Amino acid sequence: MFIRILIPCFNEAQVLHHMYEQLSDILSVDSQLQQYRYDILFVDDGSTDDTLTIIRQFAHVNRKVKYISFSRNFGKEAAMYAGLKESNAVDALVIIDSDLQHPPELIPQMINAYTQGYHQVVACRDRTGEQQWRKRLTKLYYGTINRLIDVSLMDGVGDFRLLSQKAVHAVLSLSEYNRFSKGIFAWIGFAPKVIHYQNKIRVNGVSKWSFKQLFNYAIDGLLSFNNKPLRSLIYI
Ligand code: UDP
Ligand code: MG
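### Let's talk about unusual backbone geometry
One non-glycine residue, Leu-100, lies in positive phi territory at about 65°. Topologically, Leu-100 is positioned in the loop between strand E4 (92-95) and helix H4 (107-115). Non-glycine residue Phe-190 carries a positive phi angle of around 60°. Summarising the element assignment, Phe-190 is placed in the loop between helix H7 (181-187) and strand E7 (193-197).

Dropping the structure here:
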């Protein structure tokens, strides 16, 4: 069994060492316990800080570390897609953020669920530590979007997940240009196993999302998976 960990990174020099150490400790123990081989694929999404230098240092001392480096910043969706495209031969792939907001200690549980036959294992965070207005807005968004679009999106579920080789192939078969992965992962099916965890505040570095970007992403979600808004416009 061969597992790959896929990590999109953009300007994460402040937290990358810490993340890599935690991840390596967990994987070196768990790979013995659950009997698998693994590697770690970083995708540097055009960072302008020392992220790429740090990744190269990891790769220099650890043959399990591989990386893709972008010529400029293309966004997390592009980084994930590039990583997925290079991973169609692995048995399972875990996508995880580089900022420790996705706790690597959940990976062993994810792999365990995969060995039990799940093709998707998703980590679902609660909203601990978030401001009230944001919680309300998110609830309203998920309530609305799930009434409108054909797939069902779950609050708290993002890109932190395990995909089996079959699920990776299914995701890759969709060659959308503007990718809304939250929707794509739901669209491919394979009833997922859900693992719940407590939301983690970013300890170092900053979120790359401005409110405007997040708002536009929410609109993408609304438009990517249905033609109801377009149809309504035509009716009007
Ligand atoms: N990221 C990326 N490209 C971007 C923005 C972010 O690869 O253009 C990575 C980032 O390094 C992190 C993950 O995507 O590993 C999530 O980004 P961020 O923490 O900014 O998002 P948030 O957690 O606030 O949703
Ligand atoms: Mg983050």
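### Things to note about the site of ligand 1
Around ligand 1 there are 16 residues in total, and Glu-12, Asp-45, Asp-99, Ser-207 and Lys-208 lie nearest to it. Within the side chain of Arg-202, a nitrogen or oxygen atom sits 2.8 Å from an oxygen atom of ligand 1. At 2.6 Å from an oxygen atom of ligand 1 is found a main-chain nitrogen or oxygen belonging to Lys-208. Computed on the free molecule, ligand 1 has an accessible area of 530 Å², of which 85% lies beneath the protein chains in the complex. Per-class residue counts for the shell around ligand 1 are 4 nonpolar, 5 polar and 7 charged.

### What about the packing of aromatic side chains?
Throughout the structure, instances matching the rule amount to 11 aromatic pairs. For the pair Tyr-36 and Tyr-38, a centre-to-centre distance of 6.3 Å together with 70° between the ring planes defines the contact as edge-to-face. With relative accessibility at 6%, the residue Tyr-36 sits in the buried group. Taking relative accessible area as the criterion, Tyr-38 reaches 11% and is therefore assigned buried. Among the aromatic residues, those joined into a cluster by ring pairs are Tyr-20, Phe-42 and Phe-58. Of note, Lys-64 hangs over the ring of Tyr-38, and the distance from its end group to the ring centre comes to 5.2 Å. Over the ring of Phe-74 we find Arg-72; its NZ or CZ atom is 3.8 Å from the centre of that ring.

### Notes on the coordination of the magnesium ion (ligand 2)
Around the magnesium ion (ligand 2), the protein contributes the donor atoms Asp-99 (OD) and Gln-101 (OE1), at 2.0 Å from the metal centre. With a relative accessible area of 24%, Gln-101 lands in the partly exposed category.

About the thresholds
Residues numbered from 1 in each chain as written. Chains lettered and ligands numbered in written order. Predicted model: local features only at pLDDT ≥ 70, side-chain atom pairs only at ≥ 80, totals over all residues. Heavy atoms only, no water. Helix = DSSP H or I, 4+ residues; strand = E, 2+ residues; numbered from the N terminus. Near = heavy atom within 4 Å. Polar contact = N/O pair within 3.5 Å; in protein donor to acceptor, adjacent residues only side chain to side chain. Areas by Shrake-Rupley, 256 points an atom, 1.4 Å probe, with all protein chains shown as cover. Nonpolar A, V, L, I, M, F, W, Y, C, P; charged D, E, K, R; others polar. Phe/Tyr/Trp six-rings, centres within 6.5 Å; stacked < 30°, edge-to-face > 60°. Buried < 20%, exposed > 50% of the residue type's maximum accessible area, 1.4 Å probe, protein only. Lys NZ or Arg CZ within 6 Å of the ring centre and 35° of its normal. Donors = N, O, S within 2.8 Å, 3.2 Å for Na, K, Ca; no water.

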